[in-house]
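Reading the structure
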Amino acid sequence: MLAVYGKGGMGKSFFTTNLVSKLALLGNRVMQLGCDPKHDSCNALFGGVSLPTLGDVWRELKEAGREDQLRAEDVIFKTRVMEQATVYGCEIGGPEVGRGCGGRGITFGFDLLEKFGMSQWALDYIVMDFLGDVVCGGFATPLSRSLAEEVIILCGNDRQSLYAANNIASAARYFAQMGGRTRLIGLIVNRDDGSGVAERFAERINLPVLASIPLDRGVRELADACQLALTEPRFEVIFDRLARQIMTRSIPEVAMEDVHPLEYAEFLKVFGAIEPDLVPEGAGVEELMGGRQARTVPTFELGLMQQAVGDQPELDPATRRVVGRLLTDLGMYVTEANHDPKKGMTLTIDGNTTICFGNEDELESKLAILIALQRSGEPYRYVDLRRPASPLYR
């Protein structure tokens, strides 16, 4: 599994679609997995068709009380590339704008795909197209769960896309230090203007530049029209070379401990900038009021429990009590709570750790086990506490 990360708008979907197509044309079984709430990753792959998203289809079935009838063919589709090879596509999607957490949607989508047996599919490559200028834990799912074996970071020569690339490298290194198996394989410079800034950045953090895709108006118009760039000979050469390097594993491997994301001051030096060593003068309330008298504003306190659980009437009292104890006693933030028919109360912590509580019985013993795990420093992503006398974690 290969994840493509990068700042929004940098051309990840363009890059992913052409790479997936080239891998398929070279004889591989490949699926493109869109992991962005915009759900437009696979549009060009399917000739402009916007695929029904996993999230939308599941919600429609849930509203009808039929979510257990969701089938793989309802959310995973296939098409022919250049009338020569079959490729598969899926869009995880996300909540409606302003109505939910996109990261939680990604985590939920991966859980559903795993129920369909994703890890056992007879595919040579699953290429994931991920948003990379957010810090939400859900978008780091391939890194935190080691779902992605390799990560490519797409960037340009501009400061914002390289800032996102630096953050992605930091996240990847962090999870590698925590025992994760995902590794970065390099950068792709898209819409390369020849300035060399991305190359300087890559050298500083010790990652190779795998390919530079030139800025080309004609190819941009092809991408906007949901068409492949492989019809242009010089772009076909770029993607052919990269696809073959991935297939033959001939890209020089970089150990994750040798990747060195930059602190902000060092990052600025890539662009010849220096952050002044000073704190700006503060602005007081009187100045901000412009001489007017401030009105008394009613105050209220938002408790930690309300922040953690919010107004979620679907949570039963027992689950709310457990969520509250996890937050107040252990500092664990529950991002999702479900009741599994077999496992009972199942909680997701920070979008990447699953805890099977079963029920509220023996709560103190279960909390004690989690406290001991935290103090041990042992990394874990799954804990089964249904039988406190014989807990399981991995």
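Residues numbered from 1 in each chain as written. Predicted model: local features only at pLDDT ≥ 70, side-chain atom pairs only at ≥ 80, totals over all residues. Heavy atoms only, no water.

Naming follows an unreviewed UniProt entry, where the protein appears as nitrogenase of Candidatus Chloroploca mongolica. Entered under Subunit (unreviewed entry) in the UniProt record, the comment concerning the protein runs "Homodimer." (UniProt positions renumbered as here; feature names shortened; annotations may be inferred.)

The next thing to look at is the packing of helix H6 (residues 159–177) against helix H7 (residues 197–205). For the pair H6 and H7, interaxial distance at closest approach is 11 Å and the crossing angle is 20°. Relative to H7, the element H6 is oriented roughly parallel. The interaxial crossing formed by H6 with H7 has right-handed handedness. Of the residues in H7, those touching H6 at Leu162, Ala165, Asn166 and Ala169 are Val197, Ala198, Phe201 and Ile205. Per-class residue counts for the contact of H6 with H7 are seven nonpolar, one polar and no charged. (Axes fitted to C-alpha atoms, helices over the stretch in contact; angles between N-to-C directions. Helix = DSSP H or I, 4+ residues; strand = E, 2+ residues; numbered from the N terminus. Parallel < 35°, antiparallel > 145°, perpendicular 65-115°, else oblique. Left-handed = near helix turned anticlockwise from the far one by under 90°. Contact = heavy atoms within 4.5 Å. Nonpolar A, V, L, I, M, F, W, Y, C, P; charged D, E, K, R; others polar.)

Applying the stated criterion across every chain, the model contains 16 salt bridges. Put simply, Asp384 and Arg386 hold a salt bridge, and the shortest N to O gap is 2.6 Å. By relative accessible area, which is 6% here, Asp384 ends up buried. A residue is classified by how much of its surface remains accessible, and Arg386, at 30% relative accessible area, is partly exposed. (Salt bridge = Lys/Arg side-chain N within 4 Å of Asp/Glu carboxyl O. Buried < 20%, exposed > 50% of the residue type's maximum accessible area, 1.4 Å probe, protein only.)

This paragraph deals with the packing of aromatic side chains. Throughout the structure, instances matching the rule amount to nine aromatic pairs. Look at Phe14 and Phe239: their rings are 6.2 Å apart centre to centre, the planes differ by 80°, and that puts the pair in the edge-to-face class. Taken together, the residues span a long stretch of sequence, with Phe14 in helix H1 (residues 12–25) and Phe239 in helix H9 (residues 233–248) at a distance of 225 residues. Judged by its relative accessible area of 16%, Phe14 falls in the buried class. Judged by relative accessible area, which is 1%, Phe239 ranks as buried. Every member of this aromatic cluster is reached through a ring pair, and the members are Tyr163, Phe201, Tyr264, Phe267 and Phe271. A cation over a ring is seen here: Arg394 above Tyr382, with NZ or CZ 4.1 Å from the ring centre. (Phe/Tyr/Trp six-rings, centres within 6.5 Å; stacked < 30°, edge-to-face > 60°. Lys NZ or Arg CZ within 6 Å of the ring centre and 35° of its normal.)

To continue, consider helix H14 (residues 363–376). Taking 1.5 Å as the rise per residue, H14 with 14 residues should run 20 Å; its terminal C-alpha atoms sit 20 Å apart, in good agreement. Of all the positions in H14, only Leu363, Lys366, Leu367, Ile369, Leu370 and Leu373 are classed as buried. Within H14, the buried residues cover an arc of 155° as seen down the axis, which keeps them to one side. Residues of H14 that are buried sit in contact with helix H13 (317–330), strand S11 (353–358), strand S12 (382–384) and strand S13 (392–393). Following H14 by one or two positions, Gly377 has its phi on the positive side, about 80°. (Expected span 1.5 Å × (residues − 1). Arc of directions from axis to C-beta.)

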